[in-house]
Every structure is written in structure tokens, then in C-alpha cells.
Amino acid sequence: PRSTLFPYTTLFRSGAVEMAAFKGNTVSGGLLAQVMGTAPKDSGVAENPVIEFVQVRKMNANDPAPRITVEVKGPRASKLLHYDMTGALIDVNPG
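Everything numeric here is computed off the predicted structure, so don't read it as measured data.

Caption draft 1: Structural context of unusual backbone geometry. The backbone phi angle of N48 is positive, close to 50°, even though this residue is not glycine. Summarising the element assignment, N48 is placed in the loop between α1 (29-43) and β3 (50-57). Taking the relative accessible area as the measure of exposure, N48 reaches 54% and is therefore exposed.

Okay, structure coming up:
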């Protein structure tokens, strides 16, 4: 399932991303696929990394652009990764 919470916020909590979700002020399907493809490796979660959720939103109201947040989980670790709208990794934090 997905829900659009604000104009720049699209939340995905499933194994598949629906292309119908990409409309208006969201992120392109290609960029999202790129980020989801690199997130497990970028996370450093070594054992069976799985993407738990992907969220696109402005972190603060005065941010110039939204960020892509990806949670990657494994049996022993969980990490939150933040990417900018070009797909560049900003930071990795414990989940």
C-alpha cells in the first residue's frame, strides 16, 4: 500500500512500487529504482538486507528540496539512509 501525506511525501511499504504513484511533485521511477538498488549495499547491513520502507519528503518545511529516506533491515541491524534528489547518499544512521 502507499499513501501520499503531503505534496512531496510518498510512502511505500511493500515489495513492489506502483508506477501510478509517480505523479506531480514526487520522484521519478528511475531515480527511486537507483536508490533502492544501492541502499542495501550503502547501508552496511551485511546479513540479508531488506528494504523496509522508502519515503520521499521534506525533512523540514524550509528545506529547499525533499530527501529520499530508505530503511534497510537485517536480522541484527537496521539503518536509515538519506539520499538527495540526485540519488547521492547524504548519511546513514542507526534505524
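There is more to say, and it comes next.
Caption draft 2: Quick look at the confidence of the model for the chain. Per-residue pLDDT for the chain has a mean of 79; in total, 73% of the residues score no lower than 70. In this model residues 1-16 is a low-confidence stretch, pLDDT under 50, and it forms 40 contacts with partners more than four residues away in sequence or in other chains. Overall, residues 18-22 carries pLDDT values under 50, and its contacts beyond four positions in sequence, including any with other chains, amount to 13 contacts.

Caption draft 3: Molecular detail of the environment of Q55. As for its position among the elements, Q55 is in strand β3. A residue is classified by how much of its surface remains accessible, and Q55, at 15% relative accessible area, is buried. Measuring from C-alpha to C-alpha, the distance between Q55 and I68 comes to 5.7 Å, with 13 residues separating the pair along the chain. Polar contacts involving the side chain of Q55 include one to the side chain of R57, which spans 3.5 Å.

Caption draft 4: A look at the pattern of salt bridges. A complete count under the given rule lists 2 salt bridges for this structure. Of the charged contacts in the structure, one is a salt bridge between K41 and D42, with a shortest N-O distance of 3.9 Å. Classification of K41 by relative accessible area gives exposed; the value is 67%. Here E47 and R76 are joined by a salt bridge, their closest N and O atoms 2.6 Å apart. Taken together, the positions of E47 in the loop between α1 and β3 and R76 in the loop between β4 (67-73) and β5 (78-83) put the pair 29 residues apart, joining distant regions of the chain. What makes E47 partly exposed here is its relative accessible area of 36%.

Cut-off values and rules
Within each chain, residues carry numbers counting from 1 in the order of the written sequence. pLDDT decides what is reported in this predicted model: residues at 70 or higher carry local features, side-chain atom pairs at 80 or more are listed and counted, and totals for whole chains, interfaces and linings draw on all residues regardless. Where side-chain values are given, they derive from all heavy atoms of the structure, hydrogens and water being excluded. Secondary structure elements are taken from DSSP: a helix is a run of H or I of four residues or more, a strand is a run of E of two residues or more, and numbering for both begins at the N terminus. When accessible area is computed with a 1.4 Å probe and restricted to protein chains, residues below 20% of their type maximum are described as buried, those above 50% as exposed, and intermediate ones as partly exposed. Each residue carries a pLDDT score, the predictor's own confidence in it, on a scale running from 0 to 100. The contact criterion used is simple: two residues touch if any of their non-hydrogen atoms lie within 4.5 Å. Any pair of nitrogen or oxygen atoms within 3.5 Å is treated as a polar contact; in protein, a donor-acceptor pairing is required on top of that, and neighbouring residues in sequence qualify only through side-chain atoms on both sides. We count a salt bridge whenever a side-chain nitrogen from Lys or Arg sits within 4 Å of a carboxyl oxygen from Asp or Glu.

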